[in-house]
Amino acid sequence: MYKTILNTISKWALYTLCTGLGIFAFMQPFFTPGIKQSLGYSQIRTNEMPWMVTVALSLCVFVIVYEIQTQAVNTRIIALMGMLVAINASLRFLEVAIPGPGGFSPIFFLIIMVGYVFGGHFGFLMGALTLIVSSLITGGVGPWLPGQMFTAGWVGMSTPLMKVFINGLQKIFNKSNGTIEVISLAIFGAFWGLFYGAIMNLWAWPFIAGPSDQYWSPGISANDTLARYATYYMITSFAWDLGRSLGNVIFISIFGAPVLRTLRRFKDRFSFTHLVEELPFNTDQFNLLD
Amino acid sequence: MNSFTWIIWLITILAALSATRNPLHILIILLTLGVMSRLAKKDQKDTLVPFSIFPFFLILVFTASAFNALTSHFGSTIFFTIPGEIPLISGSVTLEAVIYGATNGFVLSGIFFSFTIFNQSLSVKTIIRMIPKAFYPLALIISIAINFLPAIKRRLEEIRQAQAIRGHQLHHIKDYISLFMPLLIDSLERSMLLAEAMTARGFIPHSQQQSSLKSRLIIFSGLLVFVSGWLIQLINGNNYALGISLAGVAIIIFWFWWISKNIPQSVYKREEWHVQDWVVSGIVLSALCLYFVPLPFTNLEILSYDPYPTALLPDFDAIIGCASFCFLAPAFYQKRTSR
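Residues numbered from 1 in each chain as written. Chains lettered and ligands numbered in written order. Predicted model: local features only at pLDDT ≥ 70, side-chain atom pairs only at ≥ 80, totals over all residues.

The next thing to look at is the overall build of chain A. Looking only at helices and strands, chain A features 11 helices and 0 strands. Reading chain A from its N terminus to its C terminus gives the helix and strand order α-α-α-α-α-α-α-α-α-α-α. Counting across all 290 residues of chain A, residues that qualify as buried make up 45%. Within chain A, contacts between residues at least 6 apart in sequence are counted, and of these 79% link residues at least 24 apart. (Helix = DSSP H or I, 4+ residues; strand = E, 2+ residues; numbered from the N terminus. Buried ≥ 20, exposed ≤ 12 C-beta atoms within 10 Å, placed from the backbone. Contact = placed C-beta atoms within 7 Å.)

Structure below.
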């Protein structure tokens, strides 16, 4: 009992630290210039910060993936995940070969669906691994990859939160059909389509926007810095990310219901438990299932 | 050449690019990358290179210069002024902003190209093999995904033909449901068979590496040390704090290496480390030292060029400039082995 509680606490402490470090890494352009200015240290090493962010995010991704793989991975999950990642990576391959409008990308649709049906751990792996596999096959491995993996992992990991919201809506409207579910997930997809771009832009914002005194001034509040970033985002990336957001809505609206049905059916089939019958001889040597 | 030599080469290039903002020195590194990319072996079966290097370089530099010129209105050499109150855009367009943007474009191009050469030079299988043993379920998932990709493409084509025979036409996005759903169901059925085959062959994924409390504590400590170093660096700006961050990274890497030691792995053909790998690693690391170690015959200050407030011609250090050509070392080695 004591060991179980300690295990649970240590697991969640690690998840919290990794998520916190990820947020800190992405958010550092908002407070770094302020800290340096207030302490009289104004030399910004422009080229260095994106590398620190990359290292921090790589550590977070590896630690979370390691933690998940030691808890939740068995042969069925490995095989299922391999196949789903292969399907999603082939969609990314299509996206590179035939680019859609703006930041349109078909990969988030399946990450959201899988995260919603199979849970947050599975969703995180789905998001992170889709990005790494598709980068390997399209030659897109680079310092931006850990950030992409981490953010796509967040997309999958946060999807189960929608269950609470959807259950509430179904109770309010007294309906349990899939329409509410699909509409809610489409809105969720639209949100992540934009938010994914806003997060990924943070990696390069201080790098592209010039020295810190050009995107930050002494005395401005965090809200003002955020407003400056919002202006930068609206001008440079909003239209691009809108393509991704609309793509998610279209894909989830059209493919959502049948894909959810299929994934649920296979979830039931994959979650069987092998029960060993009492036999007159020792069965341990035949118990090959994990 | 050994894949770890390629990693050393990649790290040295990235470190050199992050150490300088001098456009002349960055251009020399880009020149070496251009030559390297010409000579890098392309494995077209495994890797899709999504862009040609030179046009991409021009587009990136132009975009970065234009973007910085339109959004950053600092500098004393004014070309013209954009009137009105358009947020971020209105204001003076200066030469300094163009130079700063172009330098950003050079550095970004360098990062893109070095990774492109790395991707071209190593096969996907070699990269997967480099995943630490502690992450073998992850490596297995990636391996399954990459190996099943061609099968999925073939299956998609079969489904498309079968639906076409039935008179199905693809006009709207809704019509693709009849392609996507059979593909998804078929792939999930295959994964069921694959899982059974793996189990039947005795594959046991995680019984040997349960995440223990000790493991979590060590990883947690490593992350805390890393964050502490980063915070100290942000607050004081001291370089020793970078050492603390690196110590945090080292703790985590060491722990994963330690876990990996207890995981058995069959290696059918081990990659050899040749004398040439020592030579190439030694040459590129020596060249990198000139970017960081202050020596009596080099001037490191010229590496931190800043065009603001008034653009001046950047200085040039001939010794560091010549040393940058040492990053071509893998190209000479590859050329020799291909002969």
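We are not done yet, so read on.
Turning to the overall build of chain B, a few remarks are in order. Scanning chain B for helices and strands turns up 12 helices and 2 strands. Helices and strands appear in chain B in the N-to-C order α-α-α-β-β-α-α-α-α-α-α-α-α-α. By the compact-globule yardstick of 20 Å for 339 residues, chain B is too spread out, its C-alpha radius of gyration being 26 Å. Projected onto its principal axes, the C-alpha coordinates of chain B cover approximately 70 × 55 × 50 Å. Out of the 339 residues belonging to chain B, those deemed buried represent 35%. (Rg over C-alpha atoms; globule rule 2.2 N^0.38 Å.)

For the rest of this paragraph, the subject is the packing of helix α1 (residues 3-19) of chain B against helix α4 (residues 95-121) of chain B. All names here are of chain B. Taken N-terminus to C-terminus, the directions of α1 and α4 make an angle of 175°; their axes are 10 Å apart at the nearest point. In terms of their interaxial angle, α1 and α4 are classed as roughly antiparallel. Residue-level contacts link Trp6, Leu10, Ile13, Leu14 and Leu17 of α1 to Val107, Gly110, Ile111, Ser114, Phe118 and Ser121 of α4. (Axes fitted to C-alpha atoms, helices over the stretch in contact; angles between N-to-C directions. Parallel < 35°, antiparallel > 145°, perpendicular 65-115°, else oblique.)

The next point concerns helix α5 (residues 120-138) of chain A. Spanning 19 residues, α5(A) covers 27 Å between terminal C-alpha atoms, matching the ideal 27 Å at 1.5 Å per step. With 17 of 19 residues buried, α5(A) lies mostly within the body of the structure. (Expected span 1.5 Å × (residues − 1).)

Here helix α10 (residues 275-292) of chain B is 18 residues long and its end C-alpha atoms lie 26 Å apart, about the 26 Å a rise of 1.5 Å per residue gives. The complete set of buried residues in α10(B) reads Asp277(B), Val280(B), Ser281(B), Ile283(B), Val284(B), Ala287(B), Leu288(B), Leu290(B) and Tyr291(B).

Attention shifts here to the environment of Leu223(B). In this structure, Leu223(B) sits in helix α8 (residues 213-236). C-beta crowding within 10 Å serves as the criterion here: with 23 such atoms nearby, Leu223(B) is assigned to the buried category. Counting along the chain gives 164 residues from Leu223(B) to Ile59(B), while the straight-line C-alpha distance between them is 39 Å. Every residue in contact with Leu223(B), bar those within four places of it in the chain, is listed here: Leu17(A), Leu21(A), Leu59(A), Val63(A) and Gly248(B).

Turning to unusual backbone geometry, a few remarks are in order. The step from Tyr308(B) to Pro309(B) runs through a cis peptide bond, and the omega angle for that step is -5°. Along the chain, Pro309(B) turns up in the loop between α10 and α11 (318-324).

Let us look at the domain arrangement of chain B. Where interface size is given, it is often the accessible area lost as the parts come together that is meant. The domains assigned to chain B are domain 1 (3-131 + 274-338) and domain 2 (134-200). Here the C-alpha centroids of domain 1 of chain B and domain 2 of chain B sit 40 Å apart. (Domains from an automatic or database assignment.)

A few words now on the confidence of the model for chain B. Residues at a pLDDT of 70 or more form 92% of chain B, whose mean pLDDT is 84. Interface scoring of the predicted complex returns ipTM 0.82; its pTM is 0.81. (pLDDT = per-residue confidence, 0-100.)

A few words now on the interface of chain B and chain A. Listed by partner, the interface residues are 78 residues for chain B and 74 residues for chain A. Those elements that place two or more of their residues in the side of chain B that touches chain A are α1, α3 (53-71), α4, α5 (124-129), α6 (136-165), α7 (177-200), α8 and α9 (240-261) of chain B. Element by element, the count of residues in the side of chain B that touches chain A is highest for α7(B), at 16 residues. Split into classes, the residues belonging to the side of chain B that touches chain A amount to 56 nonpolar, 17 polar and 5 charged. (Nonpolar A, V, L, I, M, F, W, Y, C, P; charged D, E, K, R; others polar.)

Residues and elements named next belong to chain B. Between α8 and α9, the shortest axis-to-axis distance is 7 Å and the interhelical angle comes to 165°. Between α8 and α9, the angle is such that the two are roughly antiparallel. As α8 runs across α9, the sense of the crossing is left-handed. When its residues are assigned to classes, the contact of α8 with α9 shows 15 nonpolar, 8 polar and no charged. (Left-handed = near helix turned anticlockwise from the far one by under 90°.)

A few words now on the confidence of the model for chain A. Residue and element names in this part refer to chain A. Confidence in the prediction for chain A averages 80 pLDDT; 77% of positions are at 70 or higher. Looking over chain A, one finds the lowest element-wise mean pLDDT in helix α9 (residues 212-215), namely 55, and the highest in helix α4 (residues 107-118), namely 93. Contacts from residues 41-45, a stretch scored under 50 in pLDDT, to residues over four places away or in other chains number 9 contacts.

Residue and element names in this part refer to chain B. Here strand β1 (residues 78-82) lies mainly on the outside; 0 of its 5 residues are buried. Relative to strand β2 (residues 91-94), β1 runs antiparallel, the two being bridged by 4 bridges. Opposite phenylalanine 80, over in β2, you have valine 93 as the bridge partner. (Pairing = 2+ DSSP bridges.)

A separate point is the environment of Ser221(B). Residue and element names in this part refer to chain B. Considering the arrangement of structural elements, one finds serine 221 in helix α8. Assessed through the 14 C-beta atoms surrounding it within 10 Å, serine 221 is described here as partly exposed. Put simply, serine 221 and isoleucine 251 are 30 residues apart on the chain and 8.1 Å apart in space, counted from C-alpha to C-alpha.

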